[in-house]
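Per-entry structural report
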Amino acid sequence: MEKNVKAFMTLVESRNPGEKEFLQAVFEVAEAVIPFIEDNPKYKEAKILERIAEPERVMMFRVPWVDD
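This is a predicted model, so every value here is computed, not measured.

Reading the values: the criteria
- Residues numbered from 1 in each chain as written.
- Predicted model: local features only at pLDDT ≥ 70, side-chain atom pairs only at ≥ 80, totals over all residues.
- Heavy atoms only, no water.
- Helix = DSSP H or I, 4+ residues; strand = E, 2+ residues; numbered from the N terminus.
- Polar contact = N/O pair within 3.5 Å; in protein donor to acceptor, adjacent residues only side chain to side chain.
- Buried < 20%, exposed > 50% of the residue type's maximum accessible area, 1.4 Å probe, protein only.
- Contact = heavy atoms within 4.5 Å.
- Salt bridge = Lys/Arg side-chain N within 4 Å of Asp/Glu carboxyl O.

**Some details on the environment of Trp65**
Here Trp65 lies in the segment after α4 (48-53). Sequence-wise, Trp65 and Asp39 are 26 residues apart; in three dimensions their C-alpha atoms are separated by 47 Å. At 2.8 Å, the side chain of Trp65 forms a polar contact with the side chain of Asp67.

**Notes on the side chain of Asn16**
Along the polypeptide, Asn16 turns up in the loop between α1 (2-15) and α2 (20-39). The exposure class assigned to Asn16 is buried, which follows from its relative accessible area of 17%. Excluding its chain neighbours within four sequence positions, the residues that come into contact with Asn16 are Phe22, Leu23 and Glu54.

**Concerning the pattern of salt bridges**
Summed over all chains, the structure comprises two salt bridges. A salt bridge links Glu54 to Arg15, with the shortest nitrogen-to-oxygen separation between them at 3.5 Å. With Glu54 in the segment after α4 and Arg15 in helix α1, this pair connects stretches of sequence that are 39 residues apart. The class for Glu54 is partly exposed, based on a relative accessible area of 26%. Note that Lys44 and Glu38 form a salt bridge whose closest N and O atoms lie 3.4 Å from each other. What makes Lys44 partly exposed here is its relative accessible area of 46%.

Written as structure tokens, this is what we have:
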């Protein structure tokens, strides 16, 4: 299991260098989720953890707020 966490983190670190807080958060989630994913191959095949760490698309918007 630890090998899988290290391999996943190496991939994430290569895509997000210098993002210390982000990498720490991803590590904590990966450490908790990878044992479950290993026991359930359908989630591994769907690359759920990779999608959680780096979604395919992000929607951002701003809502201006004006006080009277």
